[in-house]
Amino acid sequence: MTKYLITSALPYINGIKHLGNLVGSMLPADVYARYLRQQGHEVLFICATDEHGTPAELAALDAGLPVAEFCRQQHEAQAGTYAGFKLSFDHFGRSSSPQNRELTQHFGHRLADNGYIEERVTKQVYSRADERFLPDRYVIGTCPHCGYAAARGDQCENCTRLLDPTQLINPRSALGGSEDIEFRDSRHLYLLQSRLAPRLRDWITSRTDWPTLTTSIALKWLNEGLEDRGITRDLDWGVPVDRDGFEGKVYYVWFDAPIEYIGATKEHSDARGLGDDWRSWWYDASDVRYVQFMAKDNVPFHTITFPATIMGSGEPWKVADYIKGFNWLNYYGGKFSTSRRHGVFMDSALEILPADYWRYFLIANAPESDDATFTWEHFAAQVNKDLADNLGNFVNRVLTFSRKRFGEQVPAGAEAGPPEQQLTDQLVTLLGEYQSCLDGLQFRKAAQTLRTIWSVANSYLELKSPWLEIREDPAAAQLTLRTAMNLIQLFALISEPIIPDAARTLRGIFDLGDADDLGDAGAAGSPWPALDDVRSLSWVAAGTPFTVPPVLFRKLTDEDIEAWRERFGAETAA
RNA sequence: GGGGCGGUAGCUCAGCCGGUUAGAGCAGAGGACUCAUAAUCCUUGGGUCGUGGGUUCGAGUCCCACCCGCCCUACCA
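Quick caveat, the model's predicted, so the values are computed rather than measured.

J.: I'd like a rundown of the pairing of strand S13 (residues 288–295), residues and numbers included.
T.: Burial within S13 is extensive, with seven of its eight residues counted as buried. Relative to strand S14 (residues 322–326), S13 is paired through five bridges, and the arrangement is parallel. Residue pairing in the sheet places Met 294 in a bridge with Gly 325 of S14. Running through helix H9 (residues 299–313), the crossover from S13 to the neighbouring parallel element S14 is right-handed.

What follows is the structure, given as structure tokens:
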């Protein structure tokens, strides 16, 4: 079995994330990780909070907390919502960890030793009123091109021209509005990406199986010519630059954030006393397949900056074997936005419905080929049709009927005949397709195929009509019900990557006497069914006790939709 | 400005290397059934595949131009 290293883009520490963040990296990564674990592969699924950078410092200031304490609290809050969504991280780390500090500094030294780091003196904006250096974006002033008064130091939102803060007329701090700012010389480290461009290009072009979304973004940057990139900042919060003359400076958040993939792996090993196990995933790890998940805004950092860091180190650290990029999920009238609090956030989502409702809908509508839009009407329609009517109702109708007529044990009945043969033929084909989708990271199609499998079960039941069979030939009805119950067990196994809670409930229906207490996060999950098992449909034998669980998925009503539209500000027409 | 993605039935989307009458789900229409969360199953109507050229025996699928929508563009991450 192959070793799979799976990472999700690191959610920024600043606030609870929204459904767009979830569907753009963490959720599909989780589905993939769960699927591979069920297949028996050795999987390490890593994520972490990205804690450095100016926004974190400012948010802490707003909250009246020291930044370290602010981040600790936010990390805990995020970890809580991810647990609520049943994201099965093997480790959820923090980019501010000692492990990441050590590794980030290590990479800094290695790059310098290999001649990929250069010191340069640049003009940085210093705000005396705020007593801090300001990133370009936090300097505002009048645009020299169009006269727009609130242009940011990096770009004018009005005329979209790219700017340098020194070009602004009447520059002032975006924090307090103070004009008491100055341009100070500051010494910084630059990563000489330009020298690594040929190696990056070779690497990108050798990856012919990547999504075009990923490779086209990477090639665009390479084709335009890589600029050397400043990787240090004049800030207090971050990984300190341990180099003479760089006291009080830290590495830029985008230098240390991806290194935290490695850092978090080391955190994982350290926390469990696994010693150097972390290195087996990252260093000289040719037996590991590394798959990254991220939204498209993150692609440049994962195809250019991070690989440049790794290649420039001259050490055999792992680079991604596959990068799965996603487009955006939009909400009424625009993007989900953490800063504007626009959209549905993960904590409030869990307040109104359990994780599986969201997980299924988001995977079934993952923005793989284009941006997608979330609407409550679409959400409710799909949940009702697929989860409640198709899957949930099947489970309920089979179990309640069988209990009423044959008691609380799986009935025996006749031997399987041609209809069962036809059913399993169909299932084998569909399960093969489903696996192909998951292997190929085609999440929308995977959900579609899963839904088709549920539907085939309903068709089988209608074809056999045990409520009619029972009048003439009870043994025939029993065969049908026993077969249907095995379909429920099949659903329990193959639905687990997408709707783990429902899968767990389904597994609990039949008392298989195997102390089937598989945990949620981190556990290996149920063994993935072999195609031969599908042909025989014999997981659940005659005589097995069963219970009828409560309704798996409730139907969402027009009143629900109305209430949620109101609560989450969906009044703007899309 | 540059680049990317998309524009296929009312809606959300599949359609790989060009090849018989363009598919699915939902919604609509008709029917069946009554075990079930008024669920399910069967049948069915509906599309000049953004526009205009071109290549080809043949194009939704390749090439060119244009139009529309969204996104990215290196100091927000």
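The structure having been displayed, the exposition proceeds.
J.: Before we move on, can you summarise the protein's contact with RNA strand B with the specific residues and values?
T.: Of all residues adjacent to RNA strand B, which total 54 residues, the nearest are Asp 50, Arg 137, Ser 369, Asp 371 and Asn 393. In RNA strand B, atoms within 4 Å of the protein come 73% from sugar and phosphate. Within the side chain of Glu 462, an N or O atom sits 3.0 Å from a base oxygen of RNA strand B. One of the side-chain N or O atoms of Lys 555 is found 3.0 Å from a sugar or linking oxygen in RNA strand B. Secondary-structure elements contributing two or more residues to the surface near RNA strand B are helix H6 (212–224), helix H7 (253–271), helix H12 (376–406), helix H14 (443–464) and helix H15 (466–472).

J.: Please provide a residue-by-residue account of the confidence of the model for chain A, values included.
T.: Across chain A, the average pLDDT comes to 91, with 97% of residues at 70 or higher. In the model, residues 518–522 has pLDDT below 50 throughout and makes 14 contacts with residues more than four positions away in sequence or in other chains. Two numbers describe this predicted complex: its pTM, 0.95, and its ipTM, 0.93.

J.: Pulling in residues and values, what's your account of the packing of H14 against helix H16 (residues 474–494)?
T.: At a minimum axis separation of 10 Å, H14 and H16 run at an interaxial angle of 175°. Between H14 and H16, the angle is such that the two are roughly antiparallel. Contacts between H14 and H16 involve Leu 450, Ile 453, Trp 454, Ala 457, Tyr 460, Leu 461 and Lys 464 from the former and Leu 479, Thr 480, Thr 483, Ala 484, Leu 487, Phe 491 and Ile 494 from the latter. For the contact of H14 with H16, a count of residues per class yields 11 nonpolar, two polar and one charged.

The rules we used
- Residue indices follow the written sequence of each chain, beginning from 1 at its first position.
- Just so you know, chain letters begin at A and ligand numbers begin at 1, following the order they were written in.
- Note on the predicted model: pLDDT of at least 70 is required for a residue's local features to be given, and 80 or more for side-chain atom pairs to be given and counted; whole-chain, interface and lining totals, by contrast, use all residues.
- To obtain the side-chain values, all non-hydrogen atoms of the structure were used and water was disregarded.
- Burial here depends on accessible area, computed with a 1.4 Å probe over protein chains only, as a share of the maximum for the residue type. Under 20% is buried, over 50% is exposed, and the range in between is partly exposed.
- Strands are runs of DSSP state E lasting at least 2 residues, helices are runs of H or I lasting at least 4, and numbering of each runs from the N terminus.
- A pair of strands is labelled paired if DSSP reports no fewer than 2 bridges between them.
- With strands facing away from the observer, any crossover in which the path from the first strand over the helix to the second runs clockwise is taken as right-handed.
- Throughout this document, a residue counts as near a molecule or strand when at least one of its heavy atoms sits within 4 Å of that molecule or strand.
- By the criterion applied in these results, polar contacts are pairs of N or O atoms within 3.5 Å in which, for protein atoms, one can donate a hydrogen and the other can accept it, and in which residues neighboring in sequence qualify only through two side-chain atoms.
- On a scale of 0 to 100, pLDDT captures the predictor's confidence in every residue.
- Any two residues whose heavy atoms approach within 4.5 Å at even a single point are treated as in contact.
- Lines fitted to C-alpha atoms define the axes, with helix axes restricted to the stretch in contact, and inter-axis angles between N-to-C directions lie between 0 and 180 degrees.
- Note on terminology: angles under 35 degrees are roughly parallel, angles over 145 are roughly antiparallel, angles of 65 to 115 are roughly perpendicular, and the others are oblique.
- Under the scheme applied, nonpolar residues are Ala, Val, Leu, Ile, Met, Phe, Trp, Tyr, Cys and Pro; charged residues are Asp, Glu, Lys and Arg; polar residues are all the others, including Gly.

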